[in-house]
Amino acid sequence: MTNEFMNELTADEWDEQNFPRAEENEFDRVVERAISRRGFLGGVLAFGSAAAVMGTGVLSLSMSEAKASTSRFAFKPIPTYTDATVHVPEGYNWEILARWGDALVDGAEAFNHETGGSAAGADKVFGENTDGMESFQFQSKQLLAINHEYANRKINLPQNEDGAPKSAEDVLKLQHLQGVVVIEVEDGDNGWSIVKNSPFNRRITHNTPMTLAGPAAGHPLLQTAADPSGTQSLGTFNNCGSGKTPWGTYLTCEENFNGYFGATEAAPAARLDGVDAGYKRYGINETGFNYDYHKFDERFDIAKNPNEPHRAGWIVEIDPTDPTSTPVKHTALGRFKHENAEAVLAPDGRVVVYMGDDERGEFMYRFVSNGVYAPGQPTDGLLDEGTLYVARFNDDQTGEWLALTPVTTGMDAASIAIFSRIAGSAVGATTMDRPEWISANPNAVEAYCCLTNNKNRGVKPNAGGDDTSVNGPNPRETNKYGQIVRWRPHNEDHAADTFDWDLYVMAGNPAVHEGPKAGSANVNAGNMFNSPDGMAFDETGMVWIQTDGNDSNEGDFAGMGNNQMLVGDPVTGEIQRFMTGPTGSEVTGLTWSADRRSMFVGIQHPGGNWPDGGKLPRSSVIVIKRDDNGGIG
């Protein structure tokens, strides 16, 4: 396999190349079960909050009645586009806020389209592949915390053949371009811009000191020669989605961390019990994603530091208001390929954090704190002491959160944290179609999760050997389009152990297919999409949906155009298209200014030479505003 081919593989494709799943031996049986569920789909598809008597599947509001209700959409929907720019509705405008390579401080290197910049300057500029982001208001300042998920090596190291690192300096450059940025921004006469030299501006990279806290901190599996305490790690990796705590800190989520590690020797170092099984479940091997860190930085060489991968795959808390603070990796929230972290409060004040594991056939999780949050009171321990749960969805549209404890899993607390996937398998969690962003409705006690797609549904088990036959919230085999599942906790309490669920939408293509592949009734030729990924609610209770899917506009995806951002009404189920991104890009990350008059949106891995026409495309954050400067959402 050539480096060029590896450079084009997604994380999921790489996992399957290196850790092939066993093929399903009774595929005919699986397909037959899927066919038998066609009648069941009508019950689980309850498009609006008023659409179904939860748990019964009885529809009480038809789609025609829903569409006839008063619209809450403050824009005219736009069509699909397949060109190399951004499109927004009539009466709205957009501008660039920050691009890869834009300076955070005076004196930083100007962007160089021939080299992509130097290693020395890479941590003084806006990083690569923007993803999750959150907005913070502090001392009348507008702050943004933004993830830089991964590197595009051919673009970031354009002078190297195939983008392969050739030196420690190349590796350092890639390490500096990823992680998190905190920036102060302001809206001036010429629009929004970064406030250069702001004391809040900060880059957090693959080499930034971190503290490990919670049940796994100090465990032998987290100890290394450089950190025998197992409590002080370096760097945060593959920062995908995000979250915000009730006390105003930023949660960044480590997703495809496994690809940063490799080995320089064929013979592995001595490993503690359980490490090899963990490597297999989490997709860690001797080659990695060809970042080649391990060739120039032995911290990433599993032949020399077999425990280092255990120090990645966590949720990290960052205080954007204190540039001297040390980020904290909270091990109580579990270790897996974290998409985002949606933090809400239970009625009694306990903190509940919803999380998805973004790999085919993996699980959804929830953490419930032991302590309660009270404004102005210390928050120490709220994300370190509590119980981790995993979701089971039943076919009768009920569900339960299964506690991951030594009693239920046969594992100790530290092992549950480090090998959360194995713990989830032990209790029989429901395999899901790649759980992406989770978002909770601010105006109702309900939460939504984007299940982006899963070509292996009904074809082969997950990495742990768990069954991936079609099931309640994942009702289509070889799922190319994705769906959004919604659940309502019993007793209107996010800490309750049981819930009712339905599907808010099943994406599909009604212009090409009939039946389940056409999608649910709230998908039509004017709003169709695939692979829902990012998601956020605004203050009015409208849900904003971002996509990261196939934008070929051909075959199963004909007529869908570029990736996009849509808006859904949870009450009626109606969905309309608000924005499209440049060809080749993912639309990801969404937050608002404090006055709600500006919307910040991420454009990741754009194709062509967007946005400035130079030799190299540059991932960016854009700002969307109304022409009349009215509120958005």
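Starting afresh in each chain, residues are numbered from 1 along the sequence in its written order. Where local features are concerned, this predicted model is filtered to residues with pLDDT of at least 70; where side-chain atom pairs are given and counted, the filter is 80 or more; whole-chain, interface and lining totals use all residues. Hydrogens and waters are ignored; side-chain quantities use all the structure's heavy atoms.

Right, let's get into the overall build of the protein chain. What the protein chain contains, in helices and strands, is 12 helices and 30 strands. C-alpha atoms define the radius of gyration in this analysis, and the globule rule sets the expected value at 2.2 Å times the number of residues to the power 0.38. In terms of overall dimensions, the protein chain is globule-like: its C-alpha atoms have a radius of gyration of 23 Å, near the 26 Å expected for 633 residues. Only protein chains enter the accessibility calculation, which uses a 1.4 Å probe. A residue is then buried if its area is under 20% of the maximum for its type, exposed if over 50%, and partly exposed in between. Within the protein chain, the fraction of its 633 residues that count as buried is 62%. The contacts in the protein chain between residues at least 6 apart in sequence include a share of 65% that link residues at least 24 apart. A total of about 21600 Å² of accessible surface is found on the protein chain, and carbon and sulfur atoms cover 49% of it. Between the averaged position of the 50 positive side-chain charges in the protein chain and that of its 87 negative side-chain charges there is a distance of 2 Å. Helical segments are the DSSP runs of H or I of at least four residues, strand segments are the runs of E of at least two, and each set is numbered from the N terminus. The criterion used for residue contact is that any of the two residues' heavy atoms lie within 4.5 Å. All accessibility values rest on the Shrake-Rupley procedure with a 1.4 Å probe; residue burial counts only the protein chains present in the view. This count recognises Lys and Arg as positive and Asp and Glu as negative, with His and chain-terminal groups excluded. In this description, the location of a charge corresponds to atom NZ of lysine, CZ of arginine, CG of aspartate or CD of glutamate.

Among the eight residues that make up strand β16 (residues 350-357), seven are buried, leaving the element largely enclosed by the rest of the structure. Note on pairing: DSSP must find at least two bridges between two strands before they are called paired. In this sheet, β16 lies alongside strand β15 (residues 338-345) in antiparallel orientation, the contact comprising six bridges. Directly across from Ala 343, in β16, lies its bridge partner Val 353. In this structure, the hairpin formed by β15 and β16 is closed by a connection of four residues, where Gly 349 is found at a positive phi of approximately 95 degrees. Bridge analysis of β16 against strand β17 (residues 364-372) gives six bridges, and the strand direction is antiparallel. Looking across to β17, one finds that Gly 356 is bridged to Met 364. Joining the antiparallel neighbours β16 and β17 is a turn of six residues, in which Gly 361 adopts a positive phi near 80 degrees.

Time to look at the side chain of Asp 131. Take Asp 131: it is sitting in strand β4 (residues 130-138). We call two N or O atoms a polar contact when they sit within 3.5 Å, provided that within protein one can donate a hydrogen and the other can accept it, with sequence-adjacent residues counted only if both atoms are side-chain atoms. A polar side-chain atom of Asp 131 sits 3.1 Å from a polar atom in the side chain of Gln 604.

Val 275, Gly 278, Tyr 279, Arg 281 and Tyr 282 are the residues of helix α8 (residues 275-282) that are buried. Buried-residue contacts for α8 involve α11 (413-418) and α12 (420-426).

Spatially, the nine strands line up as an open sheet ordered β15-β16-β17-β18-β19-β23-β22-β21-β20, and their pairing is antiparallel. Of all strands in the sheet, those bounded by a partner on one side alone are β15 and β20 (435-440). Sheet twist, expressed as the average angle between the axes of neighbouring strands with direction ignored, equals 30 degrees. Pairing of strand β19 (residues 398-403) with strand β23 (residues 498-506) involves three bridges; the strand directions are antiparallel. The residue of β23 that forms the bridge with Thr 398 is Asp 500. Working convention: axes come from line fits to C-alpha atoms, limited for helices to the stretch in contact. Angles between N-to-C directions cover 0 to 180 degrees.

Burial within helix α7 (residues 168-177) is extensive, with seven of its 10 residues counted as buried. Looking at α7, one finds that the buried residues are Asp 170, Val 171, Lys 173, Leu 174, Gln 175, His 176 and Leu 177. Those residues of α7 that are buried lie in contact with β5 (141-148), α6 (153-156), β8 (202-204) and α9 (293-296).

This brings us to the sheet that holds strand β29 (residues 598-604). What the four strands build is an open sheet, ordered β3-β30-β29-β28; its pairing is antiparallel. What marks the edges here is a single partner per strand, and that holds for β3 (92-99) and β28 (586-592). Averaged over all neighbouring strand pairs, the angle between strand axes comes to 25 degrees, with direction disregarded. One ladder, built from seven bridges, connects β3 with strand β30 (residues 620-626); its direction is antiparallel. Bridge pairing in β30 places Ala 98 opposite Val 621.

The next thing to look at is the pairing of β20. With six of six residues buried, β20 is to be regarded as a mostly interior element. Judged from the four bridges that link them, β20 and strand β21 (residues 447-451) form a sheet pairing that is antiparallel. Directly across from Ile 438, in β21, lies its bridge partner Cys 449. Counting the residues that bridge the hairpin from β20 to β21 gives six residues.

Turning our eyes to something else, we now look at the packing of aromatic side chains. Two rings belonging to Phe, Tyr or Trp (six-membered ring only in the last case) form a pair when the distance between their centres is within 6.5 Å. Interplanar angles under 30 degrees mark stacking, angles over 60 mark edge-to-face geometry, and anything in between is tilted. Overall, the coordinates contain 32 aromatic pairs when judged by the stated rule. Note on Phe 237 and Tyr 260: the rings are 5.8 Å apart at their centroids and 45 degrees apart in plane angle, and the pair reads as tilted. Of this pair, Phe 237 sits in the loop between β10 (232-234) and β11 (239-244) while Tyr 260 sits in the loop between β12 (250-254) and α8; the two residues are 23 residues apart in sequence, bridging distant segments of the chain. Of the two residues, Phe 237 and Tyr 260, both sit in the buried class. An aromatic cluster of at least three residues, connected via ring pairs, comprises Phe 237, Tyr 260, Phe 261, Phe 289, Tyr 291, Tyr 293 and Phe 300. In this arrangement the basic side chain of Arg 421 is found over the ring face of Tyr 282, its NZ or CZ atom lying 5.0 Å from the centre. To sit over a ring, a charge needs its Lys NZ or Arg CZ within 6 Å of the ring centre and within 35 degrees of the ring normal. Its end group placed over the ring of Phe 111, Arg 618 keeps NZ or CZ at 3.9 Å from the ring centre.

The predictor attaches a confidence to each residue, and that confidence, scored 0 to 100, is pLDDT. Mean pLDDT over the protein chain: 92, with 91% of residues reaching 70 or higher. For the protein chain, per-element mean pLDDT is lowest for strand β2 (residues 58-59), which scores 28, and highest for β12, which scores 99. Long-range and interchain partners of residues 1-6, a stretch whose pLDDT sits below 50, account for 14 contacts in this model, where long-range means more than four residues apart. Scored below 50 in pLDDT, residues 24-40 shows 26 contacts in the model against residues more than four places distant or in partner chains.

Right, let's get into the pattern of salt bridges. In the sections that follow, a salt bridge refers to a side-chain nitrogen of Lys or Arg positioned within 4 Å of a carboxyl oxygen of Asp or Glu. Under the counting rule described, the total for this entry stands at 32 salt bridges. The salt bridge involving Arg 457 is made with Asp 433; its shortest N-O contact spans 2.8 Å. On the criterion of sequence distance, the pair formed by Arg 457 in the loop between β21 and β22 (483-489) and Asp 433 in the loop between α12 and β20 is long-range, its members being 24 residues apart. Judged on exposure class, the residue Arg 457 and its partner Asp 433 are both buried. By sharing partners, the salt bridges in this structure join Arg 281, Lys 337, Asp 357, Glu 359, Glu 362, Arg 421 and Asp 466 into a single network.

Let us look at the environment of Gln 175. Examined against the element boundaries, Gln 175 turns out to sit in helix α7. Relative accessible area serves as the criterion here: at 2%, Gln 175 is assigned to the buried category. C-alpha separation for the pair Gln 175 and Ala 119, spaced 56 residues apart in sequence, amounts to 8.8 Å. Setting aside anything within four residues of it in sequence, one finds Gln 175 in contact with Thr 205, His 206, Asn 207, Tyr 293, Asp 297 and Phe 300.

Going from Trp 610 to Pro 611, the amide bond is cis rather than trans, its omega being 5 degrees. Its place among the elements puts Pro 611 in the loop between β29 and β30. Of note in this structure, Asp 292 is not a glycine but carries a positive phi near 65 degrees. As for its placement among the helices and strands, Asp 292 is situated in the loop between α8 and α9. Judged by relative accessible area, Asp 292 falls into the buried class, the value being 7%.

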